[in-house]
Amino acid sequence: LDGSTFFAEVIAKEILIDDKSVTQVLFNDISIRIETEKTISLLNERYDLAISAAQLGVWDRDISENKLIWNERMFEIYGISKNEFNNTPEAWFKCIYPDDIENVVKELNLAIKGIKTYNTSFRIKTPDSNIRYIKAFGRVTMAPDGKPIRMTGINYDISEQKIAEGKIIKTHSRAIII
């Protein structure tokens, strides 16, 4: 009416009025939806760039369904394929180095109860028997009633850092002995 253009969804339907066929046409301005979709797409591109550059494994746990969703990097970090993982916390626990599992479960439970943020490190054992050191962060999403419903987080491999730290400690302990 004012000459401006906008994105529209058009729905046309043939209806009968007094035995006459009439076409009813509805126009719905979807400009805001289109702009929102563009913004979400741009944010997803930035997210993908950031996690790729930082080599972050991203995970999402549906607490009520007891299911995990991993991005591709998580599978790379853990040295397993999607076929070897049944998307449960129990399958993830099997990857954790046995001496570290108790602390990992304790930290998870404290986070799920809202006592603290999930911020820990632990070791994993890959199928080819390599030991990797993992740093993990996560946040719990609570329902309005305060019940935990979801936990989202990241893992990243800090093995090189841990190996370097070990070498430095060895070097310094030898220097002290001499």
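Here's a quick rundown of the structure. Owing to the predicted nature of the structure, the values given are computational and were not obtained by experimental measurement. (Residues numbered from 1 in each chain as written. Predicted model: local features only at pLDDT ≥ 70, side-chain atom pairs only at ≥ 80, totals over all residues. Heavy atoms only, no water.)

**Section: the pattern of salt bridges**
Piece 1. Summed over the entire model, instances satisfying the criterion amount to eight salt bridges.
Piece 2. Here R123 and D100 are joined by a salt bridge, their closest N and O atoms 2.8 Å apart. Taken together, the residues R123 in strand β5 (residues 118–125) and D100 in the loop between α3 (89–93) and α4 (101–112) connect sequence positions 23 residues apart.
Piece 3. Looking at R123, the relative accessible area reads 22%, which means it is partly exposed.
Piece 4. Relative accessible area serves as the criterion here: at 13%, D100 is assigned to the buried category.
Piece 5. Among the ionic pairs, E107 bridges to K116, the shortest N-O distance being 2.8 Å. (Salt bridge = Lys/Arg side-chain N within 4 Å of Asp/Glu carboxyl O. Helix = DSSP H or I, 4+ residues; strand = E, 2+ residues; numbered from the N terminus. Buried < 20%, exposed > 50% of the residue type's maximum accessible area, 1.4 Å probe, protein only.)

**Thoughts on α4**
Piece 1. Here α4 contains 12 residues, and its C-alpha end-to-end distance of 16 Å stays within 8% of the 16 Å for a straight helix at 1.5 Å per residue.
Piece 2. Listing the buried residues of α4 in full gives V104, E107, L108, A111 and I112. Viewed end-on, α4 has its buried residues packed into an arc of 135 degrees, placing them on one side of the element.
Piece 3. Residues of α4 that are buried in the fold lie against β3 (57–62), α3, β5, β6 (131–142) and β7 (148–157).
Piece 4. Following α4 by one or two positions, G114 adopts a phi angle in the positive range, close to 80 degrees. (Expected span 1.5 Å × (residues − 1). Arc of directions from axis to C-beta. Contact = heavy atoms within 4.5 Å.)

**Side note on the pairing of strand β4 (residues 67–70)**
Side-chain direction in a regular strand flips from residue to residue, so the side chains alternate between the two faces of the sheet.
Piece 1. Only one face of β4 is buried: it carries L68 and W70, and the other face, with K67 and I69, is open.
Piece 2. Pairing geometry for β3 and β4, over four bridges, is antiparallel. Looking across to β4, one finds that D62 is bridged to K67.
Piece 3. Linkage of β3 to β4, two consecutive antiparallel strands, is achieved through a turn of four residues, within which N66 is found at a positive phi near 55 degrees. (Pairing = 2+ DSSP bridges.)

**Some details on the sheet that holds β7**
Piece 1. The strand order β4-β3-β7-β6-β5 describes an open sheet built from five strands, whose pairing is antiparallel. Two strands close off the open sheet at either side, each with one partner strand: β4 and β5. If you compare each strand with its neighbour and ignore which way they point, the axes differ by 25 degrees on average.
Piece 2. Two elements, β3 and β7, share six bridges in a ladder whose sense is antiparallel. Pairing of D62 across the sheet is with R150, part of β7.
Piece 3. The strands that α4 touches are β3, β5, β6 and β7; relative to β5, the one it contacts most, it runs at about 150 degrees. (Axes fitted to C-alpha atoms, helices over the stretch in contact; angles between N-to-C directions.)

These figures capture arrangement, not role.
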